[in-house]
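# Secondary and tertiary structure notes
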Amino acid sequence: MSATLPPDFDPILLANAKAKGKRPWFFEDPNVERVMGIAMAIAMEHAVTRQRLDALERVLERKGLMSREELDAFAPGPEAEAERTRWMKAYIARVLRIIQQEADAAKPERRELDRSMPEIMEELRHS
Amino acid sequence: MSIRETPPSWSHVGRHAMFPQAAHDDVARFDFLANLNGYLSATVLPRVREAWESRVRPRFEREHGRPPADRHEVRKAMAGDPVYQTWSALRRNSMEMRQQVGRALVLGQLPALIEKAHAANDGAPTLKLDPTVTPPRYADAVDIHCMPGGYHGALCDDDVSNGANYDAGIFATTGGMLGRYNDGGGQALAQWLRETRPDFRPRRILDIGCTIGHNIVPVALAYPEAEVIAVDTAAPMLRYGHARARALGANNITFVQANGESLPWPDGYFDLITTAMFWHETSSRAMPAILAEIHRLLAPGGLTVHLEQPQYAGMDPYEQFIRDWDAYNNNEPFWSEMHDYDLKAKMIEAGFDPGSYFETKMRGVVDRAIFPEADGGSEDYGRAPIWTAFGASK
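Since this is a predicted model, take the numbers as computed values, not measurements. (Residues numbered from 1 in each chain as written. Chains lettered and ligands numbered in written order. Predicted model: local features only at pLDDT ≥ 70, side-chain atom pairs only at ≥ 80, totals over all residues.)

### Regarding the overall build of chain A
The helix and strand tally for chain A stands at six helices and zero strands. Order of helices (α) and strands (β) in chain A, N terminus to C terminus: α-α-α-α-α-α. Computed over its C-alpha atoms, the radius of gyration of chain A comes to 25 Å, more than 25% above the 14 Å expected for a compact globule of 127 residues. Considered along the principal axes of its C-alpha atoms, chain A spans approximately 75 × 60 × 35 Å. Relative to its full complement of 127 residues, chain A shows a buried share of 3%. (Helix = DSSP H or I, 4+ residues; strand = E, 2+ residues; numbered from the N terminus. Rg over C-alpha atoms; globule rule 2.2 N^0.38 Å. Buried ≥ 20, exposed ≤ 12 C-beta atoms within 10 Å, placed from the backbone.)

Encoded structure:
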């Protein structure tokens, strides 16, 4: 006998089902907890990736294709170093995008970054 | 770092034939969660107590001119403390993540799990489901310990997903302290029976509220001659539990869908009646009704014994408050009330002789395959390897 699932069975959404019973929120601002929930899920998935990388290294080492010592002692040449540094810089900027944008908008000379839509609507209505 | 702070990897979980298949990333997710829980209990929780001692309690005492009278006053005073808020928010989140990870693991392979259950269950006289048994209110009002769908929920016909999810997650939530097969409670009970009653040979054993049967399997294996009956109201748990017991070689258990408040066996039918981590998931009406049923079903000379978390009596209000966290924040609505009960009085009300009542501590049997060194008695609130056991003989 083979099992049949309902046609609307979506394992991804069902995995996230909420338990019956009101959720307690602990911080005065629930947004803090929302962000924390997302950050902890990313932390978990980051740990999964790191563990997978570690497994990969160990499998390659076991097969004699590389050694982790070699990996730990890895010294890039000048070109590779520059590429890696550029990547790191771009990565950090990407992660902290919102902070940069908020700070830029606060500069007096960049006031145009922070004009509200109603303000611009009003201006365009008269121009 | 001590052994206690590094839980064993989930890769050591006992994989019986009914257990869900898991790959590298599933293991890594459970390992993350076990270590997150370990961090929260070993590193953050002591700081919650420090916040209580150093600022919340002094403020309470200044304002009221007295120490807090009970755990409820501690809870209200602590609600605004940032360290408590952070610990709580992370802990709640960790419970929710644990459910998500277990469900994601299981739901992706649900047809295969259902087919495995069919292979073990179909036509077996040792699985007796009864669709007229409805979920009792205490098991239906909320999804207990935040398991979406609860014990009874079914996503499709013949669903076993929450049984598999429950089985897969316990190892991570308890940091492996219940052993590879999450059966530390049942192992402890079997060992205690062997040590304290070496000549006891129960003919018939009943386990009430068995869920996936993880705690009755070691008892059934310890008494292979006994006829063992495990009851629960939830069919998804029983389907999974029956197939699981078969996979572990416990062939003398019959899993029966029935409500413990009214069971279909004659007076004096059982020599041993057990529960494990059951009472705190019942209700103030169901508990005495089930205890009275146990008294009725027990044979003269029979024994009943129950594993539970410790009662609150004698604990300081802060400790009660921390132990009560699950009641409010992990969907355990009867936990708080139940842990205030005078259990001896409840047993006497149910008909047991006061002189036969006993209460003891039962230590979990340490699974040496995953814990080379015994744990030094640390209690992680709500999931400790040391239980209170109470019971009586008739």
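Let us keep going from here.
### Details of the sheet that holds strand β2 (residues 204-208) of chain B
Residues and elements named next belong to chain B. The strand order across the open sheet formed by eight strands is β1-β4-β3-β2-β5-β6-β8-β7, and the pairing between neighbours is mixed. Edge positions in the open sheet fall to β1 (127-128) and β7 (358-363), since each of these has one partner strand only. Here helix α6 (residues 184-196) sits on the sheet and contacts β5 (270-276), β6 (298-308), β7 and β8 (386-393); the angle it forms with β7, its principal contact strand, is near 120 degrees. Seen against the sheet, helix α8 (residues 235-247) touches β1, β3 (227-232) and β4 (253-257) and runs at an angle of roughly 170 degrees to β4. (Pairing = 2+ DSSP bridges. Contact = placed C-beta atoms within 7 Å. Axes fitted to C-alpha atoms, helices over the stretch in contact; angles between N-to-C directions.)

### A look at the domain arrangement of chain A
As far as domains go, chain A holds domain 1 (28-74) and domain 2 (76-127). The C-alpha centroid of domain 2 of chain A is placed 29 Å from the C-alpha centroid of domain 1 of chain A. (Domains from an automatic or database assignment.)

### Let's talk about the confidence of the model for chain A
Residues at a pLDDT of 70 or more form 98% of chain A, whose mean pLDDT is 93. Taken element by element, the predicted model of chain A shows its lowest mean pLDDT in helix α5 (residues 97-105) of chain A (90) and its highest in helix α2 (residues 30-62) of chain A (97). (pLDDT = per-residue confidence, 0-100.)

### A look at the interface of chain A and chain B
With 29 residues of chain A at the contact, the number on the chain B side is 35 residues. Of all the elements in the fold, those that place two or more residues in the side of chain A that touches chain B are α1 (11-15) and α2 of chain A. Counting residues per element, the side of chain A that touches chain B draws most heavily on α2 of chain A, at 11 residues. Considered class by class, the residues forming the side of chain A that touches chain B number 20 nonpolar, five polar and four charged. (Nonpolar A, V, L, I, M, F, W, Y, C, P; charged D, E, K, R; others polar.)

### Some thoughts on α8 of chain B
Residue and element names in this part refer to chain B. If you check α8, its first and last C-alpha atoms are 18 Å apart, about what 13 residues at 1.5 Å a residue would give, namely 18 Å. A large share of α8 lies buried, amounting to 12 of its 13 residues. Three or more residues of α8 are buried, namely A235, P236, M237, L238, R239, Y240, G241, H242, A243, R244, A245 and R246. Of the surrounding elements, those touching the buried residues of α8 are α4 (110-121), β1, α5 (161-173), α7 (217-222), β3 and β4. Positioned one or two residues after α8, G249 has a phi angle of 80 degrees, which is positive. (Expected span 1.5 Å × (residues − 1).)

### A look at the packing of α4 of chain B against α8 of chain B
Residue and element names in this part refer to chain B. At a closest axis distance of 9 Å, the pairing of α4 and α8 adopts a crossing angle of 65 degrees. Between α4 and α8, the crossing angle belongs to the class labelled roughly perpendicular. Remark: the crossing between α4 and α8 carries left-handed chirality. Contacts between α4 and α8 involve K116, A117, A120 and N121 on the former and, on the latter, R239, Y240, H242, A243 and R246. For the contact of α4 with α8, the per-class residue count stands at four nonpolar, two polar and three charged. (Parallel < 35°, antiparallel > 145°, perpendicular 65-115°, else oblique. Left-handed = near helix turned anticlockwise from the far one by under 90°.)

### Some remarks on the pairing of β5 of chain B
Residue and element names in this part refer to chain B. Among the seven residues that make up β5, seven are buried, leaving the element largely enclosed by the rest of the structure. Of the strand pairs in this sheet, β2 and β5 are connected by three bridges, and their pairing is parallel. Opposite L206, over in β5, you have I273 as the bridge partner. Here β5 pairs with β6 via six bridges, running parallel.

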